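# Descriptive structure summary
What follows is each chain in one-letter form.
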Amino acid sequence: MSGRLVTLGLDPGLATTGYGVVCAGERGWEALAGGIIETESSVPRPERLREIYQETTALIEAYRPTGVAIEEVYLATNARTAMLTAEARGALLLASAGLAVRGYSPLAVKKRITGYGRATKGQVQATIKQLLRLAEIPRPDDVADGLALALCYLFDLQGLERGGRGHV
């Protein structure tokens, strides 16, 4: 993949972590991969986190990204969910060791992708479909989120200003 910028976007979750791999090549932005890492609730949490770590490590080895974008954890209404998401984010950060990592809040992602921080999930997904010239909106939502995060990082690398900047 020499000569191309490749980024990996990760939407952390203990049950479902979404990912997207996007590259900027001669013909514009292209989705190389998108999917989810699922863990079973019946499996002990340490093993679930190890599974997230191992699958993320395999993605990094397969696609050799320039950098990784990971959604930041936010506390909406459920502190327990936020803590579990933070644990999954920790596994993703560990898997990304040695690479440049940027964090983006959900609001920052919406602003970077659509130009509007209060955009709906559907608006973000439609913009992702258009930017990456996809035949349909990526499903499930976690995949679209992973692709959006990867695009945010590419925007930063290419100096494109659609909205706010990311940080870890």
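I will try to describe carefully the structure that is included in this document. (Residues numbered from 1 in each chain as written. Predicted model: local features only at pLDDT ≥ 70, side-chain atom pairs only at ≥ 80, totals over all residues. Heavy atoms only, no water.)

With 17 residues, helix α5 (residues 141-157) should reach 24 Å at 1.5 Å per residue; the first-to-last C-alpha distance of 25 Å fits that figure. Burial of α5 is extensive: 14 of the 17 residues sit out of reach of the surface. (Helix = DSSP H or I, 4+ residues; strand = E, 2+ residues; numbered from the N terminus. Expected span 1.5 Å × (residues − 1). Buried < 20%, exposed > 50% of the residue type's maximum accessible area, 1.4 Å probe, protein only.)

All right, on to the sheet that holds strand β5 (residues 100-104) then. The mixed open sheet is built from five strands, whose spatial order is β3-β2-β1-β4-β5. At either end of the open sheet lies a strand with only one pairing partner, and these are β3 (28-38) and β5. This sheet shows a mean twist of 20 degrees between the axes of neighbouring strands, independent of strand direction. Summarising the sheet, strand β1 (residues 5-11) and strand β4 (residues 67-71) pair through four bridges and their orientation is parallel. The residue bridging Leu 10 from the neighbouring strand is Ile 70, located in β4. Together, β1, β2 (16-25) and β3 form the strand contacts of helix α1 (residues 45-63), whose direction differs from that of β3 by roughly 155 degrees. (Pairing = 2+ DSSP bridges. Axes fitted to C-alpha atoms, helices over the stretch in contact; angles between N-to-C directions. Contact = heavy atoms within 4.5 Å.)

Here we come to the nonpolar core. Core analysis: the largest hydrophobic core is formed by 22 residues, its most contacted members being Val 22, Trp 29, Ile 113, Ile 128 and Leu 151. Put simply, the parts of the chain that give this core at least two residues each are β2, α3 (106-114), α4 (121-131) and α5. Among the elements that make up this core, the one with the highest residue count is α5 (10 residues). The contacts of Ile 128, once residues within four sequence positions are left out, are Ile 113, Leu 134, Pro 138, Ala 144, Leu 147, Ala 148 and Leu 151. Of all hydrophobic cores here, the second largest spans 20 residues; its members include Ala 33, Val 68, Ile 70 and Ala 88. (Core = buried A, V, L, I, M, F, W, Y, C linked by side-chain atoms within 4.5 Å.)

Attention shifts here to the pattern of salt bridges. Throughout the structure, instances matching the rule amount to six salt bridges. The shortest N-O distance in the salt bridge between Lys 121 and Asp 145 comes to 3.1 Å. A residue pair is termed long-range when its members are at least 10 positions apart, and Lys 121 in helix α4 and Asp 145 in helix α5 qualify at 24 residues. Assessed through its relative accessible area of 15%, Asp 145 is described here as buried. Several salt bridges share partner residues, and in doing so they unite Arg 102, Arg 112 and Asp 156 into one network. (Salt bridge = Lys/Arg side-chain N within 4 Å of Asp/Glu carboxyl O.)

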